[in-house]
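Fold and contact review
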Amino acid sequence: GYFGCHIGCRLGSPVLMPYPYGIVIEEGTRIGSRVTRMHQVSLLGKPVIEDNVTIGPGAKVIGAVRIGRGATIGANAVVTDDVPSHDTIVVEKRRRDRRSVVNV
């Protein structure tokens with residue numbers, strides 16, 4: 001496809017792909033309106049992406065998961081579980097010299 005992309009589903013209007021390079025969207029994926037997809041995004045395994053979601057560069061959404069309205073998926077995040085509306089998912093930075101702490 002164009003720009004090294006493979007898009008196998010209908011895209012909600014308006015289509016927001018500011019850097020449309022290397023985007024892979026499998027057939028069966030459902031995408032709402034005003035979803036921003038940055039470069040190198042992969043949507044695999046029939047996820048449902050609701051309206052007003054932002055998916056950062058290099059992020060992967062894998063499986064039949066639901067990304068809630070207004071959620072943000074950060075750069076290089078790998079999402080395999082549902083994401084609630086208006087939630088933000090980011091990659092945790094890990095350092096060898098510091099114990100990893102995650103606040104839930």
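Calculation rules
Residues numbered from 1 in each chain as written. Predicted model: local features only at pLDDT ≥ 70, side-chain atom pairs only at ≥ 80, totals over all residues. Heavy atoms only, no water. Core = buried A, V, L, I, M, F, W, Y, C linked by side-chain atoms within 4.5 Å. Buried < 20%, exposed > 50% of the residue type's maximum accessible area, 1.4 Å probe, protein only. Contact = heavy atoms within 4.5 Å. Helix = DSSP H or I, 4+ residues; strand = E, 2+ residues; numbered from the N terminus. Patch = residues over 30% accessible without salt bridge, like charges linked within 9 Å, V, L, I, M, F, W, Y side chains within 5 Å. Areas by Shrake-Rupley, 256 points an atom, 1.4 Å probe, with all protein chains shown as cover. Salt bridge = Lys/Arg side-chain N within 4 Å of Asp/Glu carboxyl O. Pairing = 2+ DSSP bridges. pLDDT = per-residue confidence, 0-100. Lys, Arg positive; Asp, Glu negative; His and termini not counted. Polar contact = N/O pair within 3.5 Å; in protein donor to acceptor, adjacent residues only side chain to side chain.

Observations concerning the nonpolar core
In this structure, I31, L43, I49, I55, V61, I67 and I73 are the most contacted members of the largest nonpolar core, which totals 21 residues. For I49, the residues in contact, after removing those within four places along its chain, are R30, I31, G32, V35, L43, I55, V61 and I67.

Focus on the side chain of S42
Position of S42 among the secondary structure elements: in strand β5 (residues 42-44). Once residues lying within four places of it in the same chain are set aside, the contact partners of S42 are V24, A59, K60 and V61.

Some remarks on a nonpolar patch on the surface
Taken together, F3, Y19 and Y21 make up a surface patch of nonpolar side chains, about 350 Å² in accessible area. Mapped onto the elements, Y21 comes out in the loop between β1 (6-7) and β2 (24-25).

Concerning the environment of Y21
With relative accessibility at 42%, the residue Y21 sits in the partly exposed group. Other than its neighbours up to four places away in sequence, Y21 contacts F3, C5, H39 and Q40.

Remarks on the sheet that holds strand β12 (residues 88-89)
Read from one edge to the other, the open sheet built from four strands follows the order β4-β7-β10-β12, with strand pairing classed as parallel. Here the strands that pair on one side only, and so sit at the sheet edges, are β4 (36-37) and β12. Here two bridges tie β4 to strand β7 (residues 54-55), and the two strands are oriented parallel to one another. Directly across from R37, in β7, lies its bridge partner I55.

Regarding the confidence of the model for the protein
For the protein, the average pLDDT comes to 88, and 87% of its residues sit at 70 or higher. For the protein, β1 is the element with the lowest average pLDDT, namely 88, and strand β9 (residues 66-67) is the one with the highest, namely 98.

Some details on the side chain of R37
Tracing the sequence through the fold places R37 in strand β4. For R37, which is buried and forms no salt bridge, the nearest opposite charge comes from D51, at a distance of 9.5 Å. Only 3.2 Å separates the side chain of R37 from the backbone oxygen of V35, close enough to count as a polar contact.

Describing unusual backbone geometry
As a rule of thumb, non-glycine residues mostly have phi less than zero, and peptide bonds are mostly trans rather than cis. At K46, a residue that is not glycine, the phi angle is positive and equals roughly 65°. Topologically, K46 is positioned in the loop between β5 and β6 (48-49). For K46, a relative accessible area of 53% translates into the label exposed. In this structure, H86 is a non-glycine residue whose phi angle is positive, near 65°. If you trace the backbone, H86 turns up in the loop between β11 (78-79) and β12.

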